[in-house]
Amino acid sequence: MSSRRVVSGLSACFTVGVLAASGCGDGRGDGTSTNATGFTASADGTGDGITSQSSMGDGDGDTGDGDADTNTTNTTNTGDGDGDPGDGDGDTSGGPKFDIAGIPDGELDCQCGTSLDFSYIWIANSTQSTVTKLNTETMEEEGRFLTRADGNGSPSRTSVSLSGRAVAVANRNGGVVKVFSQHEDCDPNKNGMPGLQTSTDLNYLPWGEDDCVDWFVPFDYTTQRPVAWAPGILDMSTCTYSNEQLWTAGCKPGQDAVVKVSLIDGDTGNIEFTVSVPGFECSSLSPYGGAVNAEGNFWFTNLVPGSDRLGFVNRLTQETQVWNMPITPYGMTVDHDGNPWIASWSSSQQASAAKFDVQTETWSYANNHVAHSLSGIQEDANGRMWMNYWTYDGQNMGTGGLVYIDMETMQVSEPFDLGCQSSTCRGMSVDLNGMIWSTSMASNTAFRFNPDTLQIDTYSQLVGPYTYSDMTGWGIQSAACGPQG
């Protein structure tokens, strides 16, 4: 396995004391904009292995059934693969602005706060209303946590903070929960009993008894999928983050006409503001996915074929913006240039995926090969955008797997077979070591794919894992710090 991936460089946008309103772009074009109350919508419409490193994404639909499998960890090898496109450079105008010439005296080389000595993927067990904390290196489960008191949250989106020290999980039936990843951050007296009580394997504690569950924020929503951490302020003297904030979106179909987006204080769970987004209709699958850019602004999508929407909320001004999309989205992410990417729903528009250029407000398509699936999508550190396939150019391959898109040429790669039960692999993530992850609801399995060696490892103790978004924290790291290898 490759050594830990560390991002170098410091964004002055997030250095302690400077959460800049200027000097950092807002990561979007000048299209039609609104404030919190006004709206105008614009209508713009591998054979030798591959060199790896990692990213972020999002997407979702209905939950899968299934009970936990008794199988634990398996290792298999696939055949050949091909190609190594893109340089993965982060030196683009859409990313953070780097104003620090060197490391000042008395300050540490914080590596953008991401030189971590741990790496987890947080997978929502949708039908169990829990989230799994899985070590991405050992493939061992190191904790499982309820996501709502009644055990009926139906979680599907997880998001890891840039510090890596917390995960937030959105329940589709309403409510967001925060869990600490590191025991030293947990309150050993939170549940009223002395000493730390917390889950350390696949067995979870009753609601209110796990000291590492930091807070739960209820929302009066019946659909709440998107959740995404925004970058906080990095203290260069301690290499720790403060003022980390969290985005979420939801609504109550039949009662709310449009989607509501909220920004939450990551420390306290207090809601800092909520905006209604005119032009972004509320329905059972709207909103659907969400992700942030380097400045911590929020992009989000729906899943309503024929009424396809891309939305934006500015963190500083609360200004909103909505575009009509020419492609029906499923998973979504924001790349290191601040451009949203959409994994196509069931190969809509005969494309695998599409990218929205925020400067020109135009779309480009990955359609030299068509990967048909309902998939999340994430960028790695080598200029590749990964997603699942169920069929490839209309051919049923027997089992599902992965493809990547060269981010410069928009060319879709050959398929890499995961051995995933047909039409079940949907979740998509990339870890801090550059491994590519997918999840299957039907087999209760997480797949880890090494793009260098083509080796596949599996973990099969999940329960209806229907999860997308930034499950590892690589997505926000890539967006905020750049994907330097």
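Starting from 1, residues in each chain are numbered consecutively following that chain's sequence as written. Selection of residues for local features in this predicted model requires a pLDDT of at least 70, selection of side-chain atom pairs for listing and counting requires 80 or more, and totals for whole chains, interfaces and linings are taken over all residues. As a rule here, side-chain values come from all non-hydrogen atoms in the structure, and water together with hydrogens is ignored.

Student: I'd like a rundown of the packing of aromatic side chains, residues and numbers included.
Tutor: Stacked, edge-to-face and tilted labels apply to pairs of Phe, Tyr and Trp rings (six-membered ring for Trp) whose centres lie within 6.5 Å, assigned for plane angles under 30 degrees, over 60, and everything in between, in that order. One pass over the structure, following the stated rule, counts 21 aromatic pairs. The interplanar angle of 75 degrees and the centroid separation of 5.8 Å between the aromatic rings of Trp247 and Phe273 together place this pair among those described as edge-to-face. Here Trp247, found in strand β12 (residues 245-250), pairs with Phe273, found in strand β14 (residues 271-281); they are 26 residues apart in sequence, far enough to count as distant. Accessibility expressed as a relative area gives 0% for Trp247, which makes it buried. For each residue, the accessible area found with a 1.4 Å probe, counting protein chains only, is set against the maximum for its type, and the residue is called buried under 20%, exposed over 50%, and partly exposed in between. Its relative accessible area of 12% is what places Phe273 among the buried residues. Among the aromatic residues, ring-to-ring pairing joins Trp247, Phe273, Phe280, Phe298 and Phe300 into one connected group. The ring of Tyr288 carries the charged tip of Arg157 above its face, separated from the ring centre by 5.1 Å. Our definition puts a charge over a ring when NZ of Lys or CZ of Arg is within 6 Å of the ring centre and also within 35 degrees of the ring normal. For the cation-ring pair, Arg384 lies above Tyr404, with the distance from its terminal atom to the ring centre recorded as 5.6 Å. The way it works is that DSSP assigns letters per residue, a run of H or I at least four long becomes a helix, a run of E at least two long becomes a strand, and they are numbered from the N terminus.

Student: Account for the pattern of salt bridges, with residues named and values stated.
Tutor: The salt bridge criterion pairs a side-chain nitrogen of Lys or Arg with a carboxyl oxygen of Asp or Glu, the two atoms within 4 Å. Under the defined criterion, the tally for this structure stands at 10 salt bridges. With its nearest N and O atoms 2.8 Å apart, the salt bridge here joins Arg148 to Asp150. Given a relative accessible area of 15%, Arg148 falls into the buried group. In this structure, the salt-bridge partner of Arg309 is Glu281, at a minimum N-O distance of 2.9 Å. Placement of the pair is Arg309 in strand β17 (residues 309-313) and Glu281 in strand β14, with a sequence separation of 28 residues. The exposure class of Arg309 is buried, given its relative accessible area of 13%.

Student: With reference to specific residues and values, describe the sheet that holds strand β15 (residues 289-292).
Tutor: Following DSSP output, two strands are said to pair if at least two bridges run between them. Taking strand neighbours across the sheet as the criterion, the 4 strands line up as β15-β16-β17-β18 in an open arrangement whose pairing is antiparallel. Both edges of this open sheet fall to β15 and β18 (320-324), since each of them pairs with a single strand only. Between one strand axis and the next, the sheet turns through 20 degrees on average, direction left out of account. Across 5 bridges, β17 lies against β18 in antiparallel orientation. Lines fitted to C-alpha atoms define the axes here, with helix axes fitted over just the stretch in contact, and angles between the N-to-C directions of these axes take values from 0 to 180 degrees.

Student: Can you explain the state of the cysteines? Please cite residues and give values.
Tutor: The disulfide criterion used throughout: a pair of cysteine sulfur atoms within 2.5 Å. Across all of its chains, the model carries 3 disulfides by this definition. A sulfur-sulfur distance of 2.0 Å marks the disulfide that ties Cys186 to Cys212. Taking the torsion about the S-S bond as the criterion, the Cys186 to Cys212 disulfide, at about 105 degrees, is right-handed. Taken together, the residues Cys186 in the loop between β7 (176-180) and β8 (213-217) and Cys212 in the loop between β7 and β8 connect sequence positions 26 residues apart. An identical accessibility class is assigned to Cys186 and Cys212; each is buried. With a sulfur-sulfur separation of 2.0 Å, Cys420 is cross-linked through a disulfide to Cys425. Judged by the sign of its S-S torsion, about 110 degrees, the cystine formed by Cys420 and Cys425 is right-handed. Judged on exposure class, the residue Cys420 and its partner Cys425 are both buried.

Student: Tell me about the sheet that holds strand β6 (residues 166-171), residues and numbers included.
Tutor: Strand order in this open sheet of 4 strands is β5-β6-β7-β8, and the pairing throughout is antiparallel. If you trace the sheet from one side to the other, it starts and ends with β5 (155-160) and β8, each paired once. Shown here is a sheet whose adjacent strand axes are inclined to one another by a mean of 20 degrees, direction ignored. Note: β5 against β6, 5 bridges, orientation antiparallel.

Student: Tell me about the nonpolar core, residues and numbers included.
Tutor: The set of buried Ala, Val, Leu, Ile, Met, Phe, Trp, Tyr and Cys residues whose side-chain atoms join them within 4.5 Å is what this entry labels a nonpolar core. The biggest cluster of nonpolar side chains holds 71 residues, and the ones touching the most others in it are Trp247, Val261 and Phe449. Considering every element that reaches this core, the biggest residue donor is β6, with 5 residues.

Student: Please provide a residue-by-residue account of the layout of surface pockets, values included.
Tutor: Empty space within the largest pocket amounts to approximately 280 Å³. Looking at the lining of the largest pocket, the elements that each hand over two or more residues are β7 and β11 (240-242). Counting residues per element, the lining of the largest pocket draws most heavily on β11, which supplies 3 residues. When residues are sorted by character, Ala, Val, Leu, Ile, Met, Phe, Trp, Tyr, Cys and Pro go into the nonpolar class, Asp, Glu, Lys and Arg into the charged class, and all the rest, Gly among them, into the polar class. Broken down by class, the residue content of the lining of the largest pocket amounts to 6 nonpolar, 7 polar and 6 charged. Here a cavity denotes grid points, spaced 1 Å and computed from the protein atoms alone, that fit a 1.4 Å probe unable to get out, and a pocket denotes an open set having protein on both sides within 12 Å along at least 5 of 7 lines; residues with an atom within 4 Å of a point are the lining. Grid points are joined across faces, edges and corners, and a volume is the space filled by probe spheres set on the points.

Student: Account for the environment of Asn433, naming residues and giving values.
Tutor: With respect to the helices and strands, Asn433 occurs in the loop between β28 (425-430) and β29 (436-440). Owing to a relative accessible area of 0%, Asn433 belongs among the buried residues under this scheme. Separated by 297 residues in the primary sequence, Asn433 and Thr136 place their C-alpha atoms 8.5 Å from one another. As used in this structure description, the phrase polar contact means that two N or O atoms lie within 3.5 Å; if the pair is within protein, one of them must be able to donate a hydrogen and the other to accept it, and residues adjacent in sequence are counted only when both atoms belong to side chains. A distance of 3.0 Å separates a polar atom in the side chain of Asn433 from a polar atom in the side chain of Glu137.

Student: Mind laying out the environment of Thr328, listing which residues take part and the relevant values?
Tutor: Considering the arrangement of structural elements, one finds Thr328 in the loop between β18 and β19 (329-334). Judged by its relative accessible area of 7%, Thr328 is buried. Along the primary structure Thr328 and Asp308 are separated by 20 residues, whereas in three dimensions their C-alpha atoms are 5.8 Å apart. Any two residues having at least one pair of non-hydrogen atoms within 4.5 Å are treated as being in contact. Residues in contact with Thr328, not counting those within four places in the same chain, are Leu303, Pro305, Gly306, Asp308, Ala343, Ser344, Trp345 and Ser348.

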